[in-house]
Amino acid sequence: MPLTRDLQQSEPTRASAVKLPASIDFRCLPHDSSAIGSIRDACLNSGYFVLQHAVDDANVVTNTLEQMQRFFSLDDEDARKKQVMVTTKENKNGWTPMFGEPAYQPGTVAHLESFDCGRPGEASGNVWPDLQDFKSDIRKCWHALADIGDVALESLALAADLEPGRFRDRCRSHELSTMRLLNYPANDA
């Protein structure tokens, strides 16, 4: 499989028969042997699957999306954005303005702005905008996604006939994890 940077965007794509990915009911994991078997089959055949019903509280996603809308709709000169801009901080977490990071193609920049936060804790160097409930809503989403990841990793280990916890326990620290909130504004090009 070619790397993203090696893809030629001008080349036409060749459509093949679309096969829908396996759909796994997250609520059955990691204890349902049929669901684990479906994960094994998906990994050996298509290489991917979809987890259904993974988020048990839709408000977690809704609140995160609303916070993203609130934050990204602020003017770039707004003090609440400026106070968390990564170019003025010694850490990598916070807001990166539009065109502030390189894109995959050499010599280009990404048409996006982002807000990054690392794992919870003081050592991660997270900074948060002064928006009501922003930090708590984003952290709730972080924890929900981390919990989903733990169950998915446990399920993958079982599907590979490895000892329970093989992947989950090695990834539990989330030390290298980053949650990225991304905004891709409309582009006339």
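Heads up: these notes are all about the structure in this document. Just so you know, these numbers come straight off a predicted model, no measurement behind them.

Observations concerning the nonpolar core
Inference 1: The biggest cluster of nonpolar side chains holds 19 residues, and the ones touching the most others in it are Phe71, Phe115, Phe134 and Leu181.
Inference 2: Elements with a minimum of two residues in this core: helix H2 (58-72), strand E4 (113-118), helix H4 (134-159) and strand E5 (178-183).
Inference 3: Leaving out residues up to four positions away in the same chain, Phe134 has contacts with Gln67, Phe71, Phe115, Trp128, Pro129 and Leu181.
Inference 4: Counting 9 residues, the second-largest nonpolar core is a separate cluster that includes Ile24, Leu29, Ile148 and Ala159.

Section: the packing of aromatic side chains
Geometrically, a pair of aromatic rings is defined through the distance of the ring centres and the angle of the planes.
Inference 1: The final tally for this structure, using the stated rule, is 6 aromatic pairs.
Inference 2: Between Phe115 and Trp128, the ring centres sit 5.8 Å apart and the planes meet at 40°, which makes this aromatic pair tilted. Residue Phe115 is located in strand E4, and its partner Trp128 is located in the loop between E4 and H4; the two are separated by 13 residues in the primary sequence. Across this residue pair, the class does not change: Phe115 and Trp128 are buried.
Inference 3: Taking 5.3 Å as the distance between ring centres and 85° as the angle between the ring planes, the aromatic pair formed by Phe115 and Phe134 counts as edge-to-face. Of this pair, Phe115 sits in strand E4 while Phe134 sits in helix H4; the two residues are 19 residues apart in sequence, bridging distant segments of the chain. Each member of the pair, Phe115 as well as Phe134, is classed as buried.
Inference 4: Of the aromatic side chains, those joined through ring pairs into one cluster are Phe71, Phe72, Phe115, Trp128 and Phe134.
Inference 5: The aromatic ring of Trp142 is capped on one face by Arg139, whose charged end is 5.0 Å from the ring centroid.

Things to note about the pattern of salt bridges
Inference 1: Within the structure shown, the criterion is met by 11 salt bridges.
Inference 2: Measuring nitrogen to oxygen at the nearest pair gives 3.0 Å for the salt bridge that ties Lys81 to Glu113. Of this pair, Lys81 sits in helix H3 (residues 79-82) while Glu113 sits in strand E4, and the two are 32 residues apart along the sequence. Of the two residues, Lys81 and Glu113, neither departs from the other in class, the shared state being buried.
Inference 3: A network of salt bridges, in which partner residues are shared, links Asp76, Lys81 and Glu113.

With respect to the packing of H2 against H4
Inference 1: The contact between H2 and H4 brings their axes to 9 Å, and the two run at 135°. Taken as axis vectors, H2 and H4 run oblique relative to one another. Judged by the sense of rotation from one axis to the other, the crossing of H2 with H4 is left-handed. The residues of H4 that touch H2, namely those facing Val60, Asn63, Thr64, Gln67 and Phe71, are Phe134, Asp137, Ile138, Lys140, Cys141 and Ala144.
Inference 2: Grouping the amino acids of the contact of H2 with H4 by side-chain chemistry returns 6 nonpolar, 3 polar and 2 charged.

With respect to the sheet that holds E5
Two orientations exist for strands paired in a sheet by backbone hydrogen bonds: parallel and antiparallel.
Inference 1: Taking strand neighbours across the sheet as the criterion, the 3 strands line up as E3-E4-E5 in an open arrangement whose pairing is antiparallel. Only two strands of the sheet have a single neighbouring strand rather than two, namely strand E3 (94-96) and E5. Between one strand and the next, the sheet's axes are offset by a mean angle of 20°, whatever the strand orientation.
Inference 2: Two strands pair when backbone bridges link them, and E3 and E4 are joined in this way by 3 bridges, in the antiparallel orientation. Along E4, the bridge assignment pairs Gly94 with Asp116.
Inference 3: Strand contacts of H2: E3, E4 and E5, with the helix running at about 60° to E5, the strand carrying the most contacts.
Inference 4: This element, H4, spans E4 and E5 of the sheet and lies at about 120° to E5.

Conventions used here
Going along each chain's sequence as written, the residues are numbered from 1 onward. Only residues with pLDDT of at least 70 are given local features in this predicted model, and only at 80 or more are side-chain atom pairs given and counted; all residues enter the totals for whole chains, interfaces and linings. Derived side-chain values reflect all non-hydrogen atoms in the structure, with water molecules and hydrogen atoms excluded from consideration. In plain words, nonpolar cores are sets of buried Ala, Val, Leu, Ile, Met, Phe, Trp, Tyr and Cys residues tied together by side-chain atoms within 4.5 Å. Only protein chains enter the accessibility calculation, which uses a 1.4 Å probe. A residue is then buried if its area is under 20% of the maximum for its type, exposed if over 50%, and partly exposed in between. Helix numbering and strand numbering both begin at the N terminus, where a helix is a DSSP run of H or I of at least 4 residues and a strand a DSSP run of E of at least 2. Every residue pair with non-hydrogen atoms within 4.5 Å of one another is taken to be in contact. Here is the rule: rings of Phe, Tyr and Trp (six-membered ring for Trp) pair when centre to centre is within 6.5 Å. Planes less than 30 degrees apart are stacked, more than 60 are edge-to-face, and the remainder are tilted. Geometrically, a charge over a ring is one whose NZ (Lys) or CZ (Arg) sits within 6 Å of the ring centre while staying within 35 degrees of the ring normal. Only one rule defines a salt bridge in this text: a Lys or Arg side-chain nitrogen within 4 Å of an Asp or Glu carboxyl oxygen. A fitted line through C-alpha atoms represents every axis, and for helices the fit uses only the stretch in contact; the resulting angles, taken between N-to-C directions, go from 0 to 180 degrees. For classification, angles of less than 35 degrees are called roughly parallel, those exceeding 145 degrees roughly antiparallel, those between 65 and 115 degrees roughly perpendicular, and all remaining angles oblique. Two helices cross in a left-handed way if the nearer one is turned anticlockwise from the farther one by less than a right angle. They cross in a right-handed way if the turn is clockwise. All amino acids are sorted into three groups, where Ala, Val, Leu, Ile, Met, Phe, Trp, Tyr, Cys and Pro are nonpolar, Asp, Glu, Lys and Arg are charged, and the leftover types, Gly among them, are polar. The pairing criterion is simple: DSSP has to find at least two bridges between the two strands.

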